[in-house]
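# Residue-level structural notes
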Number of protein chains: 2
Amino acid sequence: MADPDPPLRADARRNRQRVLQAAREVFAESGFGAPLDEIAARAGVGAGTVYRHFATKEALFEAVATARVADLVASAQRLATRADPGAAFFDFLAQLGAEAEAKRDTSDAIAVPGALRDTMQDALSLLLSRARQAGAVRPEVTTADLISIIKGLLIAAHDDAEPGRPARLLTIVIAGLRTDRP
Amino acid sequence: MADPDPPLRADARRNRQRVLQAAREVFAESGFGAPLDEIAARAGVGAGTVYRHFATKEALFEAVATARVADLVASAQRLATRADPGAAFFDFLAQLGAEAEAKRDTSDAIAVPGALRDTMQDALSLLLSRARQAGAVRPEVTTADLISIIKGLLIAAHDDAEPGRPARLLTIVIAGLRTDRP
DNA sequence: GAGAATACGGAACGCACGCCCCGGTTGGCA
DNA sequence: TGCCAACCGGGGCGTGCGTTCCGTATTCTC
């Protein structure tokens, strides 16, 4: 069999990095809907070059999102070992909120289909079920509910640019998820 | 000056109603993003005919949304006279949730710019401030926050088709808006 | 019932975007 | 240094959509 992984030429390697960097920036600013030409332009490259390195726009986004989601998952798994499951769960939500405040594509990133999304769901599921067992979260909330809420929250947080809003919305959602204390 | 408002021909009047009805249905099913051709097809009419009656797709949506938003506003104003401001506020949210569960374009409808949106904001503002003064809602929530939350909620509720989710999400949001009871 | 005003329909246009192609260029190796 | 494969750029294609145009059909008026 032939060499399965011939090394890239120097300019190709360089352009690949430029495209990835530009994609990170543009997606973060404008979300997944940003035109691919803009990414190519910011990278100082033609659209064809982008497609040489990434088969599709979605594949490019995946490459960008993967690293970030992996970080989030790692953080979630670390938090899941904490002594206080309720605090761990809500801390993770806060972290997600902070990430979303800076980057417009977070809501798309956690929704990218694939193994990473499943891992993310598993991690969320674990945090949620531990918090639920500890009595910190109202019992009827499912993981799917949680993901919907998170997406809604991330979208709402970007509605307009008023500072402080993401934090307030997060407070409200956290309070809403908490067990009722009659 | 000439007659400023010549009466429509019979077929024109008929088609106008058909277009409006088709638009109501299609927008409710598929949201504002639905192609205009589909509305024309369902009305049994050419696309040109739609444009004879409504200058733009947005104008058509406005015509459809106006009636519904006006109903919501009227309901909000009626609720605002209730004895229990907290219940009035949360009842209105529930009504909005019910509307959104049936129609996919609710989140777009309440965002249509114009006098009606301002009226809607005023009505919401009144409900919210009365509920806040009664101590039923956490004090730091602004009207703009509320609108963002509603939009996020309406979008999230349609994320997938699982029944019961809209109601659960609404419960969570309502609980989150409620004053803390330490 | 005939003529004129009005309305109809759907083909055509413009635009934005994802994606592909190919003539020209560049980098690595002998 | 010279050659060739790898790579580049950006113009071009296909698609989906909002919008417009114009030849034809329908309605109103007398």
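These lines cover the structure that appears in this document, whether it is placed above or below.

Moving on, we get to the overall build of chain A. Along its length, chain A carries 9 helices and 0 strands. The C-alpha extent of chain A, read off along each of the three principal axes, is 65 × 45 × 20 Å. A buried classification covers 46% of the 182 residues belonging to chain A. Across chain A, contacts joining residues at least 24 apart in sequence account for 67% of those joining residues at least 6 apart. Split by element, the accessible area of chain A, about 9000 Å² in all, is 53% carbon and sulfur. Both charge centroids of chain A, one from 23 positive and one from 24 negative side chains, sit 3 Å from each other.

So, on to the relation of the copies chain A and chain B. Aligned on chain B, chain A shows an RMSD of 0.2 Å; the corresponding rotation is 179° and the shift along the axis is 0.1 Å. Those values place the two copies in the arrangement expected of a two-fold rotation axis. Judged by C-alpha distance, G176(A) is the residue of chain A that lies nearest the rotation axis, at 1.7 Å. Here 100% of the contact residues of chain A are again contact residues in chain B; the copies associate through an equivalent surface.

Pairing between side chains becomes possible if they bear opposite charge and their charged atoms approach one another. If you walk through the whole model with that rule in mind, you get 22 salt bridges over all chains. Residue E140(A) pairs with R138(A) through a salt bridge whose shortest N-O separation is 3.3 Å. The class for R138(A) is buried, based on a relative accessible area of 6%. For R168(B), the salt bridge is made with D145(A), and the minimal N-O distance between the two is 2.4 Å. Here D145(A) lies in helix α8 (residues 143-157) and R168(B) lies in helix α9 (residues 165-177), a pairing that spans two chains. In this pair, the class of R168(B) matches that of D145(A), namely buried. The network of salt bridges with common partners includes E25(A), E29(A), E38(A) and R42(A).

This part is about the protein's contact with DNA strand C. Surveying the vicinity of DNA strand C reveals 23 residues, the closest of which are A10(A), Y51(A), K57(A), R9(B) and N15(B). Protein-adjacent atoms of DNA strand C, using a 4 Å cutoff, are sugar or phosphate at a proportion of 67%. Within the contact set of DNA strand C, a phosphate oxygen lies 3.0 Å away from a backbone nitrogen or oxygen of A10(A). Contributing elements (two or more residues each) for the surface near DNA strand C: α1 (10-30) and α3 (47-53) of chain A together with α1 (10-30) and α3 (47-53) of chain B. With 5 residues, α3(B) is the largest single contributor of residues to the surface near DNA strand C. Considering only residue class, the surface near DNA strand C consists of 9 nonpolar, 8 polar and 6 charged.

Turning our eyes to something else, we now look at the nonpolar core. Core analysis: the biggest nonpolar cluster contains 110 residues, and F89(A), L177(A), F89(B) and L177(B) have the highest contact counts within it. Sequence-distant contacts of L177(A), defined by excluding residues within four places in its chain, comprise F89(A), F90(A), L93(A), A136(A), V137(A), R138(A), V141(A), L146(A), I149(A) and I172(B).

According to the relative accessible area criterion, D145(A) is buried, its value standing at 0%. Beyond its immediate sequence surroundings of up to four residues, D145(A) is in contact with E140(A), R165(B), R168(B) and L169(B).

A few words now on the interface of chain A and chain B. Listed as interface residues are 25 residues of chain A and, on the opposing side, 25 residues of chain B. For the pair chain A and chain B, the number of links is 4 salt bridges. Remark: the boundary between chain A and chain B carries 6 residue pairs in polar contact (both at pLDDT 80 or more). Of all elements in the fold, only α8 and α9 (165-177) of chain A reach the threshold of two or more residues within the side of chain A that touches chain B. Residue contributions to the side of chain A that touches chain B peak at 9 residues, all from α9(A). In the side of chain A that touches chain B, the residues fall into 10 nonpolar, 5 polar and 10 charged.

It is worth spelling out the packing of helix α4 (residues 57-79) of chain B against helix α5 (residues 85-102) of chain B at this point. Two numbers describe a pair of packed helices, the interaxial angle and the distance between the axes. Residues and elements named next belong to chain B. In contact at an axis separation of 9 Å, α4 and α5 are set at 160° when each is read in the N-to-C sense. One finds that α4 runs roughly antiparallel with respect to α5. In this structure, α4 crosses over α5, and the sense of that crossing is right-handed. Where α4 approaches α5, its residues R68, L72, S75, A76 and L79 are matched on the opposing element by A88, D91, F92, Q95, L96 and E99. In terms of residue class, the contact of α4 with α5 is built from 6 nonpolar, 2 polar and 3 charged.

Calculation notes
Residues numbered from 1 in each chain as written. Chains lettered and ligands numbered in written order. Predicted model: local features only at pLDDT ≥ 70, side-chain atom pairs only at ≥ 80, totals over all residues. Heavy atoms only, no water. Helix = DSSP H or I, 4+ residues; strand = E, 2+ residues; numbered from the N terminus. Buried < 20%, exposed > 50% of the residue type's maximum accessible area, 1.4 Å probe, protein only. Contact = heavy atoms within 4.5 Å. Areas by Shrake-Rupley, 256 points an atom, 1.4 Å probe, with all protein chains shown as cover. Lys, Arg positive; Asp, Glu negative; His and termini not counted. Charge placed at Lys NZ, Arg CZ, Asp CG, Glu CD. Least-squares fit on C-alpha atoms with pLDDT ≥ 70 in both. Salt bridge = Lys/Arg side-chain N within 4 Å of Asp/Glu carboxyl O. Near = heavy atom within 4 Å. Polar contact = N/O pair within 3.5 Å; in protein donor to acceptor, adjacent residues only side chain to side chain. Nonpolar A, V, L, I, M, F, W, Y, C, P; charged D, E, K, R; others polar. Core = buried A, V, L, I, M, F, W, Y, C linked by side-chain atoms within 4.5 Å. Axes fitted to C-alpha atoms, helices over the stretch in contact; angles between N-to-C directions. Parallel < 35°, antiparallel > 145°, perpendicular 65-115°, else oblique. Left-handed = near helix turned anticlockwise from the far one by under 90°.

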